[in-house]
Amino acid sequence: MINPDHIERAVELLRRGGVVALPTETVYGLAANAEDELAVRRVFAIKGRPATHPLIVHIPGVEHLSSWAREVPETALRLASAFWPGPLTLVLPRTPRATDAVTGGQDTVALRVPNHPMALAVLQKLGGGLAAPSANRFGRVSPTTAEHVARDLGSDVDFVLDGGPCTVGVESTIVDLSSEEPAILRPGGLAAEEVERVLGRPVPVRTTSKVRVSGSLASHYAPRAGVVLAEPREALARVQELRGQGLRVGVLGPASLSLPTDVPRFDVPEDPAGAARVLYARLREADAQGHDVLVACLPAASGLGIAVRDRLARAAAPRE
C-alpha cells in the first residue's frame, strides 16, 4: 500500500537535489532528478560509477517521450504501447533536456516507464524524469529489496521507499532504436521474442555497440564470491574440482538438481522468469554464507533465460 506521506517526502527530496532509492518491477533504483546535474553526479559518486557510463531516465508515461527524444520512430511507439509501463528501455536520439551527465556525453538517451505503483506515483508527482541506476555499488549485485539497498548504501541515500521485493528481478531489456536497425543491447526482463513479435522482425542481441548502455561492461552484477559457470550436468564435477583446491563451494541451480547433502545449494525455480526473480537474492545469500566460489548452472538460452545467462556471464567475468 502506498503511503502518500512517503511519496511526498521522496518528491520533496528529489526537488531539492536529494537522492532517493525507490522500487521498480526490475530492481531498486538510486534516483535523482534527471535535470539536476549536481544530483545526478551525486548518484555517480555514491555508486562509484564511471561518468561515461550512461544512466536510464525513467519517465511518467509515453506522452513524455518527445520531450526527451528528438526522434520517436513508429517502432518506438509500437514497443512503448505494448510494454510500458514495464521492463523495456528504449534508446533514442536525445533532446537538450537529456544532459551529458545523464547520457555519458552521447547523442542518445535511454528511456523507460517503470511498472511499480510507488515509482509511478513519484514520477507523476515530480512531473519530470528520474535518472535511476540500480541502488548498489557499481559492478556489484543489484538490489531487489529495500533491505538490500540499506545494507549496500546505508546513510549515503537520503530516503528509501520500501515497495517490497521486485517482481521481475533483473534489469530492463534495452532496445536501441537510434538507427534504422533495431537491436537489443542488454537482455533483460522482457524476452527478446516479445520484442520481435511486436516489431514483426528479427531483433539481434548485440554484444558490442557504438552506443554505450547500462550494464554492458564485461564484469558486472558480481557477488564477492567467485562465479564459475556450468551446465547442470557438469555442476557436481566442478564442485568436486573446486573443493579439491580447498575452496568453500556452493551451487546455484534448479531445485531438481541432484547433489550430495553436504553441498550448499541456492535453488532457483525451473522456469526462467522465476529464476530471474530470485537470482540476485540467491547471489547475496551465497555471499552472506561466506562461500569462496559459486558454481552457477546456466538455464536454457530462450525467453528470460537469455537475461539470466547474461547476468551470470558478467558475474563470472574477470574482475579488476
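To be clear, the structure that these remarks concern was listed above.
A brief look at the structure comes next. This structure is a prediction, so every number in the text was calculated from the model and none was measured. (Residues numbered from 1 in each chain as written. Predicted model: local features only at pLDDT ≥ 70, side-chain atom pairs only at ≥ 80, totals over all residues. Heavy atoms only, no water.)

1. Quick look at unusual backbone geometry
Part 1: The peptide bond linking Trp 84 to Pro 85 adopts the cis configuration, its omega dihedral lying at -5 degrees.
Part 2: Structurally, the position occupied by Pro 85 is in the loop between α4 (74–83) and β4 (88–93).
Part 3: The backbone of Tyr 221 sits at a positive phi, close to 55 degrees, despite the residue not being glycine.
Part 4: Its location among the elements puts Tyr 221 in the loop between α8 (192–199) and β10 (226–230).
Part 5: Classification of Tyr 221 as buried rests on a relative accessible area of 2%. (Helix = DSSP H or I, 4+ residues; strand = E, 2+ residues; numbered from the N terminus. Buried < 20%, exposed > 50% of the residue type's maximum accessible area, 1.4 Å probe, protein only.)

2. So, helix α11 (residues 305–316)
Part 1: In a regular helix each residue adds 1.5 Å, so 12 residues correspond to 16 Å; α11 covers 16 Å between its end C-alpha atoms and thus fits that length.
Part 2: Gly 305, Ala 307, Val 308, Asp 310, Arg 311, Leu 312, Arg 314 and Ala 315 are the residues of α11 that are buried. (Expected span 1.5 Å × (residues − 1).)

3. A closer look at the packing of aromatic side chains
Part 1: With the rule as written, the count across this model stands at 1 aromatic pair.
Part 2: With a centroid separation of 6.0 Å and an interplanar angle of 20 degrees, the aromatic rings of Tyr 221 and Tyr 280 are classed as stacked. Of this pair, Tyr 221 sits in the loop between α8 and β10 while Tyr 280 sits in helix α10 (residues 272–288); the two residues are 59 residues apart in sequence, bridging distant segments of the chain. The pair formed by Tyr 221 and Tyr 280 is uniform in burial state, with each residue classed as buried.
Part 3: Lying across the ring of Tyr 221, Arg 311 places its NZ or CZ 4.9 Å from the centre. (Phe/Tyr/Trp six-rings, centres within 6.5 Å; stacked < 30°, edge-to-face > 60°. Lys NZ or Arg CZ within 6 Å of the ring centre and 35° of its normal.)

4. Quick notes on the sheet that holds β10
Part 1: The strand order across the open sheet built from 4 strands is β10-β13-β11-β12, with neighbouring strands paired in parallel fashion. At either margin of the open sheet sits one strand with a lone partner, and together these are β10 and β12 (265–268). Within this sheet the neighbouring strands show an average axis-to-axis angle of 20 degrees, counted without direction.
Part 2: Bridge analysis of strand β11 (residues 249–254) against β12 gives 4 bridges, and the strand direction is parallel. If you follow Leu 252 over to β12, its bridge partner there is Phe 266.
Part 3: In this fold helix α9 (residues 235–243) packs onto β10, β11 and β13 (293–297), with an angle of close to 170 degrees to the strand it touches most, β13.
Part 4: Where α11 meets the sheet, its contacts fall on β10, β11 and β13, and the angle it forms with β10 comes to roughly 130 degrees. (Pairing = 2+ DSSP bridges. Axes fitted to C-alpha atoms, helices over the stretch in contact; angles between N-to-C directions. Contact = heavy atoms within 4.5 Å.)

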